[in-house]
Amino acid sequence: MWNKVQETVKFLQEKGFSTPDYGIVLGSGLGNLVDVMQVEVKIPYEEIPNFKVSTVAGHSGNLYFGTISGKKVVIQQGRFHFYEGWSMQDVTFPIRVMKFLGTDNLIVSNASGGVNADFKVGDIMIISDQIGFLMENPLLGINEERFGNRFVDMHDTYDKPMIVLMEQVAKNQNINLKKGVYLGVSGPTFETPAEYNMVRNLGADTVGMSTVPEVIVAKHMNMKCFGLSVITDLGVEGEVVSVSHEEVQIAAKAAEKVMSKLMVEFLSIL
Ligand code: HPA
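Please read these numbers as outputs of a predicted model, since none were measured by experiment.

## Notes on the packing of helix α2 (residues 88–101) against helix α5 (residues 212–220)
Inference 1: Relative to each other, α2 and α5 sit at 55°, their axes nearing to 9 Å. With respect to their mutual orientation, α2 and α5 come out oblique. You can see that α2 and α5 cross each other, and the crossing is right-handed. Taken together, the residues of α5 that come into contact with α2 (itself represented by Met-88, Val-91, Thr-92, Ile-95 and Arg-96) are Pro-213, Glu-214, Val-217, Ala-218 and His-220.
Inference 2: Split by residue class, the contact of α2 with α5 holds 6 nonpolar, 2 polar and 2 charged.

## Overview of the packing of helix α1 (residues 2–14) against α2
Inference 1: Running from N to C, α1 and α2 cross one another at 60°; their axes reach a closest spacing of 9 Å. Taken together, the axes of α1 and α2 lie oblique to each other. Handedness of the α1/α2 crossing: right-handed. Residues Trp-2, Lys-4, Val-5, Gln-6, Thr-8, Val-9, Leu-12 and Gln-13 of α1 pack against Phe-93, Arg-96, Val-97, Phe-100 and Leu-101 of α2.
Inference 2: In terms of residue class, the contact of α1 with α2 is built from 8 nonpolar, 3 polar and 2 charged.

## A few points about the pattern of salt bridges
When their charged atoms lie close together, side chains carrying opposite charge are able to pair.
Inference 1: Overall, the coordinates contain 8 salt bridges when judged by the stated rule.
Inference 2: Residue Asp-123 is joined to Lys-120 by a salt bridge in which the shortest nitrogen-to-oxygen separation is 3.2 Å.
Inference 3: According to the relative accessible area criterion, Asp-123 is buried, its value standing at 7%.
Inference 4: One salt bridge connects Arg-146 with Glu-144, and the closest N-O pair in it is separated by 3.0 Å.

## With respect to the site of the ligand
Inference 1: Around the ligand lies a shell formed by Ala-111, Ser-112, Gly-113, Phe-190, Glu-191, Tyr-196, Val-207, Gly-208, Met-209, Thr-232, Asp-233 and Val-248.
Inference 2: The backbone of Gly-113 places a nitrogen or oxygen atom 3.3 Å from a nitrogen atom of the ligand.
Inference 3: For the ligand, whose free accessible area comes to 260 Å², the fraction covered by protein is 96%.
Inference 4: Secondary structure elements with two or more residues in the shell around the ligand: β5 (105–114), β8 (206–208) and β9 (224–234).

## Quick look at the side chain of Thr-206
Inference 1: Relative to the helices and strands, Thr-206 is located in strand β8.
Inference 2: If we skip the residues at most four places from it in the chain, Thr-206 touches Ser-112, Gly-113, Gly-114, Val-115, Phe-119, Met-125, Val-181, Tyr-182, Leu-183, Val-199 and Ile-231.

## Side note on the environment of Thr-157
Inference 1: Tracing the backbone through its elements, the reader meets Thr-157 in the loop between β6 (124–132) and α3 (160–172).
Inference 2: When residues no more than four places from it in sequence are discounted, the contact partners of Thr-157 are Asp-129, Gln-130, Val-215, Lys-219 and Cys-225.
Inference 3: Of note is the side chain of Thr-157, whose polar atom sits 2.7 Å from the backbone oxygen of Met-154.

## Here's the deal with the packing of aromatic side chains
Inference 1: Inspection of every chain in the model, using the stated rule, returns 10 aromatic pairs.
Inference 2: Centroid distance Phe-17 to Phe-65: 5.6 Å. Interplanar angle 45°. Geometry classified as tilted. Separated by 48 residues along the polypeptide, Phe-17 in the loop between α1 and β1 (22–26) and Phe-65 in strand β3 (residues 62–68) bring together distant segments of the chain. Comparing Phe-17 with Phe-65 shows no difference in burial state: the two are buried.
Inference 3: Between Phe-226 and Phe-266 the ring centres are 4.7 Å apart and the planes differ by 35°, which places this aromatic pair in the tilted class.

About the criteria used
Residues numbered from 1 in each chain as written. Predicted model: local features only at pLDDT ≥ 70, side-chain atom pairs only at ≥ 80, totals over all residues. Heavy atoms only, no water. Axes fitted to C-alpha atoms, helices over the stretch in contact; angles between N-to-C directions. Helix = DSSP H or I, 4+ residues; strand = E, 2+ residues; numbered from the N terminus. Parallel < 35°, antiparallel > 145°, perpendicular 65-115°, else oblique. Left-handed = near helix turned anticlockwise from the far one by under 90°. Contact = heavy atoms within 4.5 Å. Nonpolar A, V, L, I, M, F, W, Y, C, P; charged D, E, K, R; others polar. Salt bridge = Lys/Arg side-chain N within 4 Å of Asp/Glu carboxyl O. Buried < 20%, exposed > 50% of the residue type's maximum accessible area, 1.4 Å probe, protein only. Near = heavy atom within 4 Å. Polar contact = N/O pair within 3.5 Å; in protein donor to acceptor, adjacent residues only side chain to side chain. Areas by Shrake-Rupley, 256 points an atom, 1.4 Å probe, with all protein chains shown as cover. Phe/Tyr/Trp six-rings, centres within 6.5 Å; stacked < 30°, edge-to-face > 60°.

Right under this line is the structure:
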């Protein structure tokens, strides 16, 4: 793994990736952030050594290097999900690469199902903490000390100063952001009503199929993490609601403009 990361980093540096200030994973809802970026390099995943190729409709696969709001960023447009059959190491590989390109900061976005009764479809939530419910951890196996310690402290997983800053940005822009706990499952099934109840009872506000592995690996390498989640559907107590991938995509798309606007100002003052 160590050698693979170094090989990929070297390849990207030769293609013009220099040291980024921030690594950004564009999940559903932030796909168009690349439109406001001054792109220096864009490389499709299939050309990058050791990268997998995203197999999900609506998730494109490109790695970008460039500038947003004066900050150098490396952007992963489209992520790898555990439910696609990739290993946890494959899913989190790009985060290792971002770190060794030279950034200590990770920003993620995703779509999730809201189980908090105060949430509605289209809301955007700052992720304040996470619950790993994927039943597999990306750090299982022999620990590579050059990446980080065997036992990783997860008390301060989502960076508090970055959360405060985003709350300020939202206030400036008159946007009502939610804040809460994201629970990560493997998917690809959406939850049964009983499972949505379980998610709520476990203390989460939303549930989704990504992010937790990437953030664990980022913390392994001592990176600061920040995350936004678009609520694309609801698992509300006592109500029979259905959800489809298409609905999730539509709701996430509808939030893109607001998400990008938040992120542009956030990056400018970070
Ligand atoms: N459950 C799991 N993953 C999701 C959901 C959901 O309701 N919505 C978007 N991603």
